[in-house]
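Examination of the molecular architecture
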Amino acid sequence: MNTKKSNYFDLVYQVVREIPPGRVCTYGTIAHYLGLKSGARMVGYAMNAAHTLPDVPAHRVVNRAGVLTGKHHFATPTRMQELLELEGIHVEKDQVQDFDKLFWDPEKELGL
DNA sequence: TAGGTGACCCGCG
DNA sequence: GCGCGGGCCACCT
């Protein structure tokens, strides 16, 4: 196990990994769920490091507007959208359709 | 060592 | 009601 890695990073990965297929979550929600008063920005940073982990579906994490803000950080700018479509999520112009319905709230789904 | 950036969000004008 | 700017903390160079 890692020893000098920020634990809160792993916490973000844990929540992201808990996101079921065909569902999406937001940075602010994860930050609030973990209690990261640091802000959703830190969650985005964790996603950047998520590239080191194979089981971190960062493509299921989008911003408050349901826009694939971080798609540009994937292997390819279209990788994120492709992955979401494979999950059955309709994405148009880098924007998640029915995002309001596909939204997955950990505090509710996990049963806080 | 120090400075700047960043996959964002909220508040104010 | 809408638009724009600032702010928060941690990682990177």
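Described below are features of the structure shown in this document. All values derive from a computational prediction rather than experimental measurement.

1. Some points on the layout of surface pockets
One number sums up the size of the largest pocket: a volume of about 290 Å³. The wall of the largest pocket is formed by 15 residues, among which G44, M47, N48, G70 and H73 lie closest to the centre. With 6 residues, the single largest contributor to the lining of the largest pocket is helix α3 (residues 40–50). Taken as a whole, the second largest pocket encloses approximately 160 Å³ of empty space. In the lining of the second largest pocket, the residues fall into 9 nonpolar, 2 polar and no charged.

2. A word on the pattern of salt bridges
Scanning the model with the defined rule gives 3 salt bridges in all. A salt bridge links R60 to E87, with the nearest nitrogen and oxygen atoms 3.2 Å apart. With a gap of 27 residues between them, R60 in the loop between α3 and β2 (61–62) and E87 in the loop between α4 (79–86) and β3 (91–92) connect regions that are remote in the sequence. Looking at R60, the relative accessible area reads 11%, which means it is buried. We classify E87 as partly exposed; its relative accessible area is 25%. For D94, the salt bridge goes to K71, with nearest N and O atoms at 2.8 Å. Here the residue D94 occupies a position in the loop between β3 and β4 (95–96), and K71 occupies one in the loop between β2 and α4, the gap between them amounting to 23 residues. Using a relative accessible area of 17% as the deciding quantity, one classes K71 as buried.

3. Topic: the side chain of T29
Residue position: T29 is located in helix α2 (residues 27–34). With a relative accessible area of 10%, T29 lands in the buried category. Excluding residues within four positions of it along the chain, T29 makes contact with R64, F103, D105 and P106.

4. A closer look at the protein's contact with DNA strand B
Looking at DNA strand B, there are 17 residues lining it, with R41, Y45, M47, R64 and H73 nearest. Within the contact set of DNA strand B, a base nitrogen lies 3.5 Å away from a backbone nitrogen or oxygen of N48. Between DNA strand B and R64, the relevant distance is 3.0 Å, taken from a phosphate oxygen to a main-chain nitrogen or oxygen of the residue. With 7 residues, α3 is the single largest residue contributor to the surface near DNA strand B.

About the criteria used
Residues numbered from 1 in each chain as written. Chains lettered and ligands numbered in written order. Predicted model: local features only at pLDDT ≥ 70, side-chain atom pairs only at ≥ 80, totals over all residues. Heavy atoms only, no water. 1 Å grid on protein atoms, 1.4 Å probe; cavity = no way out; pocket = protein on both sides within 12 Å on 5 of 7 lines; lining within 4 Å. Points joined across faces, edges and corners; volume = space filled by probe spheres on them. Helix = DSSP H or I, 4+ residues; strand = E, 2+ residues; numbered from the N terminus. Nonpolar A, V, L, I, M, F, W, Y, C, P; charged D, E, K, R; others polar. Salt bridge = Lys/Arg side-chain N within 4 Å of Asp/Glu carboxyl O. Buried < 20%, exposed > 50% of the residue type's maximum accessible area, 1.4 Å probe, protein only. Contact = heavy atoms within 4.5 Å. Near = heavy atom within 4 Å. Polar contact = N/O pair within 3.5 Å; in protein donor to acceptor, adjacent residues only side chain to side chain.

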